[in-house]
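# Inside the fold
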Amino acid sequence: MIKRIYQVYIGVMLLFLYAPIMVMMALSFNESPSRSYWGGFSLRWYRGLFADPHIAQALTNTLTIALLSALIATVIGTIAAVGINQLGRRTKSIVIGITNLPVFNPEIVTGVSLMLLFMFAIRVAGMGRLGYTTLLLAHISFNVPYVILSVMPRLRGLDGNLFEAAMDLGATPMQALAKVILPQIRPGIITGALLAFTLSVDDFIVSFFTTGVGVSNLSILIFSMARRGVNPRINALSTLIFLTVMVLLYLISRRDTRKERSMYDEEN
Amino acid sequence: MLKRIFVYPYILWMFLFIAAPLLIVLWFAITDTGADGQTVFTFYHVARFFRPAFAGEPFFQRLYIVVLTRSIWIAVLTTMVCFVLGYPLAYALAKFFGHRSILLFLFLVPLWMNFLLRTYAWMTILEQNGVLNALLSLVGLPTIDILFTDTAVVLGMVYNFLPFMVFPIYSVLKDMDNSVIEAAQDLGANRVQVFFRVVLPMSVPGIISGLTMVFMPSVTSFIIPNLLGGGQFILVGNLIEQQFMRVGDWHFGSAMSAILIALILLMMGFIKLIDRQPRNKDGPAEGVLY
């Protein structure tokens, strides 16, 4: 009986979560731009979407910035985590404390503070302006702490003498890092990189403050479109994004279960 | 010494991209640019946030204080609704459906959608000629006009932040030792007693991180009020955005950011204080059992 009530409750909550998404999907195929009237099935909003050069440009920006920032932040964050791990307790806690600041800080403060930094640098240098480069730098800088946070727990489980042992055996610091430490912390690095990519794709607030005229990512474009009122092309765009995410998540989860299953087979 | 080589570049990076930006905000907050372009130290902009519009104006009626208390109120409301909706959900997922990962998966998927799109979806539903009103008039009910109101803002925030409440509580409940519950039942506790005296106290760590993870983004959010609350609905986040992007008063904008940081730090300190108390006494498990 109680189980039944909980089942109904879960169903209602799923409805609450998915209703808006379903509505958008349905409306993306509505011939009429109205939200309360069904004008028949049509792909006109999708055609409009693909014909729109702004949307294509924003998509390119979003993806290149997400890839580049995740890649660079992963390199910086991993090396930093290895370095931090070697510090004495006192210094370590200070460095970790400062690293954690952006995680706890309101995003809007991170956004305006980076904007002020870039404006200051531009004024000092006497050249450049807010745009793609500042956007990329901002994304790298908010991603680095998350990579460090993902890698640190893995390092803590390692023997502290591993690095020195490698160097005693004649490895350079770089070799010790690449051949001894990295293979052991790989899962943490992958988690960090995925997290960084996701955060970058989803970010709006920091991007909003650190980009300049004419450079938008998808979030900024959606925001400016939504501010001008409801636009059916956004429905088409969200439907495509939602389906992409669904397929990606499905593939990832299928890969994971297959891995688990093969591990199970090996054990038996 | 050689092994430290990896940390130095990062310390430089950390100073440049984490410490320096915050210091610049602080710098702008406590300075002003004079008429002759000189920078002078002043607390004018910080004080401006608290200053009365006319002599003797009651504290809580001052413009920016009203905005601040409204932001906190909306965030408290959002957090409460998320808790009331989220706890039973986490409980149901952990207790009855934990083995079915497909359900968890379904609750996670919307999180992967851009959150602007999720908020935008509600605009489509709530607006005057929107889906909700179309449905209402279809069944002969009067239409409602809730887009651009408090209700819409809270709804949008609950929709976006609910998973942040559900997942920490879920993970605590899922790992809960079932034998503790059985022990309570063996000792004669009924269902209600087991819940309120065993399950609920043991899920406190999850509840606290859930409350924090919902409250923090709610109090500083500016996009949800911007889209669902319309122009006239202003929270602290909107004020800061206005100062930087439209008014161009960096000093006042920075002063407000500094006040917001102080507020967040205060709340985190407060949460730490409550969080620590029960565990300092006698540890969670014993505290519940005796």
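Residues numbered from 1 in each chain as written. Chains lettered and ligands numbered in written order. Predicted model: local features only at pLDDT ≥ 70, side-chain atom pairs only at ≥ 80, totals over all residues. Heavy atoms only, no water.

### Regarding the overall build of chain B
- A count of helical and extended segments in chain B gives 14 helices and two strands.
- The C-alpha atoms of chain B give a radius of gyration of 24 Å, which is well past the 19 Å a tight globule of 290 residues would have.
- Each principal axis of the C-alpha distribution contributes one length, and for chain B these read about 80 × 75 × 45 Å.
- Counting over 290 residues, chain B shows a buried share of 49%.
- If you take every contact in chain B between residues at least 6 apart in sequence, the share linking residues at least 24 apart comes to 66%.
- Summed over all atoms, the accessible surface of chain B reaches about 14,400 Å², with 67% contributed by carbon and sulfur.
- Of the side chains in chain B, 17 bear a positive and 15 a negative charge, and the two mean positions are spaced by 5 Å. (Helix = DSSP H or I, 4+ residues; strand = E, 2+ residues; numbered from the N terminus. Rg over C-alpha atoms; globule rule 2.2 N^0.38 Å. Buried < 20%, exposed > 50% of the residue type's maximum accessible area, 1.4 Å probe, protein only. Contact = heavy atoms within 4.5 Å. Areas by Shrake-Rupley, 256 points an atom, 1.4 Å probe, with all protein chains shown as cover. Lys, Arg positive; Asp, Glu negative; His and termini not counted. Charge placed at Lys NZ, Arg CZ, Asp CG, Glu CD.)

### Digging into the environment of Y37 of chain A
- Structurally, Y37 of chain A can be placed in the loop between α1 (2–28) and α2 (44–51).
- Beyond its immediate stretch of four places on either side in the chain, Y37 of chain A contacts N30 and S32 of chain A.

### Considerations on the domain arrangement of chain B
All names here are of chain B.
- Annotation of chain B at the domain level lists domain 1 (19–51 + 235–275) and domain 2 (68–233).
- Contact residues are listed per partner, giving 13 residues for domain 1 and 17 residues for domain 2.
- A buried area of about 1,400 Å², summed over both sides, lies between domain 1 and domain 2, and 78% of it is on carbon and sulfur atoms.
- Where domain 1 meets domain 2, there are two residue pairs in polar contact (both at pLDDT 80 or more).
- Of all the secondary-structure elements, those providing two or more residues to the side of domain 1 that touches domain 2 are α12 (236–247) and α13 (250–282).
- For the side of domain 1 that touches domain 2, the leading source of residues is α13, giving seven residues.
- Looking at the side of domain 1 that touches domain 2, its residues break down into nine nonpolar, two polar and two charged. (Domains from an automatic or database assignment. Buried area = accessible area lost by both parts, 1.4 Å probe. Polar contact = N/O pair within 3.5 Å; in protein donor to acceptor, adjacent residues only side chain to side chain. Nonpolar A, V, L, I, M, F, W, Y, C, P; charged D, E, K, R; others polar.)

### Some details on the packing of helix α5 (residues 115–126) of chain B against helix α7 (residues 150–174) of chain B
Residues and elements named next belong to chain B.
- The geometry of α5 relative to α7 is characterised by a closest axis approach of 10 Å and an angle of 140 degrees between their N-to-C directions. Between α5 and α7, the angle falls in the class oblique. Relative to α7, the crossing made by α5 is right-handed. Taking contact as the criterion, the partners of F115, R118, T119, W122 and L126 in α5 are, on α7, A152, L155, Y159 and N160.
- The class makeup of the residues in the contact of α5 with α7 is six nonpolar, two polar and one charged. (Axes fitted to C-alpha atoms, helices over the stretch in contact; angles between N-to-C directions. Parallel < 35°, antiparallel > 145°, perpendicular 65-115°, else oblique. Left-handed = near helix turned anticlockwise from the far one by under 90°.)

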